[in-house]
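Analysis of the macromolecular model
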Amino acid sequence: MNGRVDMHVHTSASDGILSPTEIVDWAKKRGLKGVAITDHDTIDGIKEAIRASEQYDNFLVIPGIEFSTLYHGVEIHILGYFVDYENLELIDITNAIKNYRFKRAELIIDKLQKLNYDIHFSEVKGVVKEGAIGRPHIARILVQKGYMSSMQEAFEKLLKKGKAAYVERFKLTVDEAIHIIEKSKGIPVLAHPGLIDDGVDVEGIIRKGIKGIEVYHSKHSVFHNRLYFKLSKKYNLFITGGSDYHDEMIAGIPTIGKVFVTYDSIKEMK
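Note that the coordinates shown come from a computational prediction; the quantities given were computed from them, not determined experimentally.

Analysis parameters
Residues numbered from 1 in each chain as written. Predicted model: local features only at pLDDT ≥ 70, side-chain atom pairs only at ≥ 80, totals over all residues. Heavy atoms only, no water. Helix = DSSP H or I, 4+ residues; strand = E, 2+ residues; numbered from the N terminus. Buried < 20%, exposed > 50% of the residue type's maximum accessible area, 1.4 Å probe, protein only. Contact = heavy atoms within 4.5 Å. Areas by Shrake-Rupley, 256 points an atom, 1.4 Å probe, with all protein chains shown as cover. Lys, Arg positive; Asp, Glu negative; His and termini not counted. Charge placed at Lys NZ, Arg CZ, Asp CG, Glu CD. Axes fitted to C-alpha atoms, helices over the stretch in contact; angles between N-to-C directions. Parallel < 35°, antiparallel > 145°, perpendicular 65-115°, else oblique. Left-handed = near helix turned anticlockwise from the far one by under 90°. Nonpolar A, V, L, I, M, F, W, Y, C, P; charged D, E, K, R; others polar. Core = buried A, V, L, I, M, F, W, Y, C linked by side-chain atoms within 4.5 Å. Phe/Tyr/Trp six-rings, centres within 6.5 Å; stacked < 30°, edge-to-face > 60°. Lys NZ or Arg CZ within 6 Å of the ring centre and 35° of its normal. 1 Å grid on protein atoms, 1.4 Å probe; cavity = no way out; pocket = protein on both sides within 12 Å on 5 of 7 lines; lining within 4 Å. Points joined across faces, edges and corners; volume = space filled by probe spheres on them. Pairing = 2+ DSSP bridges.

Moving on, we get to the overall build of the protein. Tallying secondary structure elements over the protein gives nine helices and ten strands in all. Taking the principal axes of the C-alpha coordinates as reference, the protein spans close to 55 × 45 × 40 Å. Split into buried and exposed, the 270 residues of the protein put 53% on the buried side. Look at the contacts in the protein between residues 6 or more apart in sequence, and 70% of them connect residues 24 or more apart. Split by element, the accessible area of the protein, about 12500 Å² in all, is 50% carbon and sulfur. The average position of the 37 basic charges and that of the 37 acidic charges among the side chains of the protein differ by 3 Å.

Each pair of packed helices can be described by the angle between their axes along with the distance between the axes. Where helix α4 (residues 121–128) contacts helix α5 (residues 135–144), the axes come no closer than 9 Å and their chain directions differ by 110 degrees. Viewed along their axes, α4 and α5 adopt a mutual orientation that is roughly perpendicular. Once α4 is placed against α5, the crossing between them reads as right-handed. From α4, Glu-123, Val-124, Val-127 and Val-128 reach across to α5, where they touch His-137, Ile-138 and Ile-141. Of the residues that constitute the contact of α4 with α5, the class distribution is five nonpolar, one polar and one charged.

Here we take up the nonpolar core. Counting residues in hydrophobic clusters, the biggest one holds 45 residues, and the most contacted among them are Val-35, Phe-67, Ile-76, Leu-190 and Ile-256. A per-element tally of this core places helix α7 (residues 174–183) first, with five residues. Filtering out sequence-adjacent residues up to four positions away, Ile-76 remains in contact with Phe-67, Ser-68, Thr-69, Tyr-71, Val-174, Leu-190, Ile-196, Val-200 and Ile-205. Ranked by size, the runner-up nonpolar core spans 19 residues in total, among them Ala-105, Ile-109, Val-128 and Leu-159.

Turning our eyes to something else, we now look at the packing of aromatic side chains. The final tally for this structure, using the stated rule, is four aromatic pairs. Each ring, one from Tyr-100 and one from Phe-170, has its centre 6.2 Å from the other, and the planes form 65 degrees; the classification is edge-to-face. A residue pair is termed long-range when its members are at least 10 positions apart, and Tyr-100 in helix α3 (residues 88–114) and Phe-170 in the loop between α6 (151–159) and α7 qualify at 70 residues. Residue class for Tyr-100 comes out partly exposed when judged on its relative accessible area of 24%. One residue, Arg-4, lies across the ring of Phe-260, its end atom 5.6 Å from the ring centre. The ring of Trp-26 has Lys-29 sitting right over it, with the charged end atom 4.6 Å from the ring centre.

With respect to the helices and strands, the residue Ile-141 is situated in helix α5. Here Ile-141 falls in the buried class, since its relative accessible area comes to 5%. Beyond its immediate stretch of four places on either side in the chain, Ile-141 contacts Ile-119, Glu-123, Val-124 and Val-127.

Attention now goes to empty space enclosed by the protein. Empty pockets left among the atoms are what a rolling probe the size of a water molecule brings to light. Using the criterion set out here, one finds two cavities of 30 Å³ or more in the structure. In this structure, the largest cavity encloses a volume near 70 Å³. Counting residues per element, the lining of the largest cavity draws most heavily on α3, which supplies four residues. Residues that form the lining of the largest cavity fall into these classes: four nonpolar, one polar and four charged. Size it by volume and the second largest cavity reaches roughly 50 Å³. Taken together, Arg-101, Arg-104, Ala-105, Ile-108, Ile-133, Gly-134 and Arg-135 make up the lining of the second largest cavity. Tallied by class, the residues present in the lining of the second largest cavity amount to three nonpolar, one polar and three charged.

A separate point is the sheet that holds strand β5 (residues 187–190). Hydrogen bonding along the main chain pairs the strands of a sheet, whether they run parallel or antiparallel. Strand order in the open sheet formed by eight strands is β7-β6-β5-β4-β3-β2-β1-β10, with mixed pairing between adjacent strands. Each of the sheet's edge strands pairs with one partner strand only, and the pair in question is β7 (238–242) and β10 (261–262). Lying over the sheet, α7 contacts β3 (60–71), β4 (74–81) and β5, oriented at roughly 155 degrees with respect to β3.

Given below as C-alpha cells:
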C-alpha cells in the first residue's frame, strides 16, 4: 500500500471548515491513501472520520490530536499519532480544555464589545456548530462583518498574544502533553518546528520525550526541511509531514495533501 498520507489535517471538530467526513472524501478524491485527524486539543472528529473511511478500500485514518502547550512562556504544538481516542485520561483532559475554550471565547468577545466591535457569542457559536471553539472562529466573524480584511489581520491587530482582545489559553505543559499522548498509547511528535520562535531550545523539547518531528510542513522552507531532517537522524525520531489543512481552497478544491509523507514511511509508526 504505497501512496501519500497527509499527517496534519484539521476538521470542523476544531477550527477547520470541513467536517471529518468531507475531509476523508476530499482526501480520497485527491488520490491520498490516508490522513491523520489532528484537531486542536480535541478528539471529537476521529470516530466520524473512521466511519467515513470504511466505504473505501485501504484508506487509512490515523487518530491524532494537536495539543497547544506552553514551554517557558512560548506556545509549542505537540502532535499525538495513533492515540487511543477512548482513553479516559485523554477524554477528560480534552473535555476540560473544550470547556475552558468556551469560557475563553466569551472573555474575548466581551473585550471586543468593549472595544466597540458588534460581535456576539451566539454568532461565533453558530459558526462552530458542534466543534471546539477557538480564536479563528472569532476572526472569521470579524472578517465577515467587515471589521478586518483577513483572519491574519484580526490576529495581528486584536487576537494574538499582547493585543487588546487576547485572553490566555488553557495552560498545558509540554511534559503534560507528552504524558497524556503516551498514556493513550500514542506517539508524541513536535509540530512545525520551523514556526517556533527563535531562541527556543528545540532540542531541549525533544529531550523531554518527543518521538517524532514534523520535518515537512506547508510553511517550512527547504532550509527547514533539511535542518529538521538532520535533527530527526540525530535523535532517531520518526519523520512526519502534513499540510496543516484548515480552510485553504484553490479553485474550490481543498489543499489537503499539499504536503505529505509516504505510507511506507509511517509503517513503523503504525
